[in-house]
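Next come the chains, spelled out residue by residue.
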Amino acid sequence: MQVLSAPRVVTDGRLHAPGWVAVSRGRVRAVGPDRPPAGLGREVALSTGVLAPGLVDIQINGGYGVDFVAAGPPDWRAVAGRLPETGTTAFVPTFITAAVPDLAAALAAYRSVAPGLRGAGARSLGVHLEGPFLSARRRGAHRAEHLCDPTPDRVEALIAAGGGALTYMTLAPERAGALDAIGRLRAAGVRVAVGHSDATYEQVRAAVDAGARLVTHLFNAQRPLHHRDAGVPGAALTDERLTCGLIVDLHHVVAPVVALAFRAAPGRLALVTDAVAALGMPPGQYRLGDEVVDVAPGRPPLRPDGTIGGSTLRMDEAVGNAVGCGVGLVPALDAATRVPADAVGRSDLGRLAADGPADVVWLSDELRTQATWIDGRCTFAAGEDMEDFE
């Protein structure tokens with residue numbers, strides 16, 4: 001038995017200061033406040049920072065020079081192996097809009113790669129398709145020529161290609177056939193998010209009634225909140241059935257609006273990175289699906305027309321940014337762990353609970369990743385010998 005102790009331990013909406021986590025054979029055995037009981041196991045005493053569940057990123061397009069749509073097996077393993085540097089222990093790769101046959105091929109390729117990712121690093125939790133059933137008016141960085149209505153044959157083609165690996169899909173509920181598509185996707189076990197949408201408040205509510213349960217990157221690429229037109233954010237922030245992704249890089253959403261969202265929808269915000277291949281890389285040009293984005297210091301990735309195309313945000317950075325916006329440490333970490341895990345149906349992840357997976361992150365007082373464990377195995381240690389944490 002190994003016992004990790006720290007000045008602060010946060011899990012499942014609670015703060016222990018100090019606290020400890022006992023781990024054995026890849027599972028959490030116990031979590032408690034104060035000092036660990038004598039004789040419980042070999043203690044690794046951390047003198048600073050906070051222990052938390054491993055971070056869960058449910059929207060990420062790539063990283064470390066790799067765009068997921070074009071990735072081969074070594075690329076997938078390389079990204080999974082490096083994400084623990086950011087505190088991320090589980091992720092949902094995003095494929096952005098492309099022609100339906102190309103998306104089907106990418107899903108099939110992911111299915112062939114996924115078994116080989118086990119043990120490579122961060123857990124991959126299936127795929128998020130962001131498109132192609134999106135609004136042309138709110139398309140953001142998505143290519144207009146590939147946008148289309150969710151006809152039954154297109155929806156069925158993607159469900160079949162996913163073969164159970166399609167975790168959720170973002171669509172615009174105002175498109176023709178969208179409500180029927182939501183019902184078909186839900187029947188196949190695929191979760192549905194509202195996003196890249198010009199839908200009215202009433203259209204979003206209809207989508208939720210049909211089974212949609214997420215909102216993709218709240219405030220971005222959607223009909224905005226207006227005092228006479230609630231838009232997508234108005235529905236997202238007032239309908240308790242919805243979990244809302246939020247990109248807290250302070251470019252996509254400014255600090256006062258981040259604070260407002262957390263106050264309006266406590267326990268329903270999921271921090272996401274929407275990171276692209278430029279994550280962890282120097283400035284330059286990188287792929288985002290069929291697009292090229294340019295990355296320069298101090299700004300998000302931009303398409304040639306100036307449209308933001310994803311981010312270079314890290315999950316631990318998102319937590320730190322949220323806290324800097326006035327969000328409490330506990331709700332900020334909850335938004336990076338339990339909330340996103342629950343949103344994609346993985347209630348075993350995103351918390352430190354007895355007999356749950358020992359996915360743990362040690363963050364510094366500045367909320368940067370110092371060490372990460374997946375299934376109780378140390379997969380990253382900053383400036384430390386990982387053997388010290390085994």
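This section reports on the structure supplied with the text. Only a predicted model underlies this, so the values are computations on that prediction, with no experimental measurement involved.

## Focus: the pairing of strand β4 (residues 19–24)
Among the six residues of β4, six are classified as buried, and the element is accordingly described as predominantly covered. The alternating pattern of β4 places Gly19, Val21 and Val23 and Trp20, Ala22 and Ser24 on opposite faces, both of which are buried. Here strand β1 (residues 2–6) runs beside β4; their pairing, made up of five bridges, is antiparallel. Counted as the bridge partner of Ser5 is Trp20 from β4. In terms of strand pairing, β4 meets strand β5 (residues 27–33) through six bridges, oriented antiparallel. Counted as the bridge partner of Val21 is Val31 from β5.

## Remarks on the nonpolar core
In this structure, Ile58, Phe95 and Leu271 are the most contacted members of the largest nonpolar core, which totals 101 residues. Looking at this core element by element, the count peaks at seven residues for helix α2 (residues 100–113). Dropping the residues within four chain positions of it, Phe95 is found in contact with Phe68, Val69, Trp76, Leu103, Ala106, Leu107, Tyr110, Val127, His128, Leu129 and Glu130. Membership of the second largest hydrophobic core comes to 18 residues, among which are Val21, Leu46, Ala371 and Phe389.

## A short note on the environment of Asp348
Note on placement: Asp348 falls in the loop between α10 (338–343) and β21 (360–363). There is a polar contact of 2.8 Å between the side chain of Asp348 and the side chain of Arg346.

## Here we look at the layout of surface pockets
Quantified by volume, the largest pocket comes out at close to 540 Å³. Elements with a minimum of two residues in the lining of the largest pocket: β12 (123–124), β14 (166–171) and β23 (377–381). For the lining of the largest pocket, a count of residues per class yields 13 nonpolar, eight polar and six charged. The computed volume of the second largest pocket comes to approximately 290 Å³. Contributing to the lining of the second largest pocket are 21 residues, with His251, Arg299, Thr312, Leu313 and Glu317 lying nearest its centre. Classifying every residue of the lining of the second largest pocket by side-chain character gives eleven nonpolar, six polar and four charged.

Calculation notes
Residues numbered from 1 in each chain as written. Predicted model: local features only at pLDDT ≥ 70, side-chain atom pairs only at ≥ 80, totals over all residues. Heavy atoms only, no water. Buried < 20%, exposed > 50% of the residue type's maximum accessible area, 1.4 Å probe, protein only. Helix = DSSP H or I, 4+ residues; strand = E, 2+ residues; numbered from the N terminus. Pairing = 2+ DSSP bridges. Core = buried A, V, L, I, M, F, W, Y, C linked by side-chain atoms within 4.5 Å. Contact = heavy atoms within 4.5 Å. Polar contact = N/O pair within 3.5 Å; in protein donor to acceptor, adjacent residues only side chain to side chain. 1 Å grid on protein atoms, 1.4 Å probe; cavity = no way out; pocket = protein on both sides within 12 Å on 5 of 7 lines; lining within 4 Å. Points joined across faces, edges and corners; volume = space filled by probe spheres on them. Nonpolar A, V, L, I, M, F, W, Y, C, P; charged D, E, K, R; others polar.

Read these as spatial facts, not as claims about activity.
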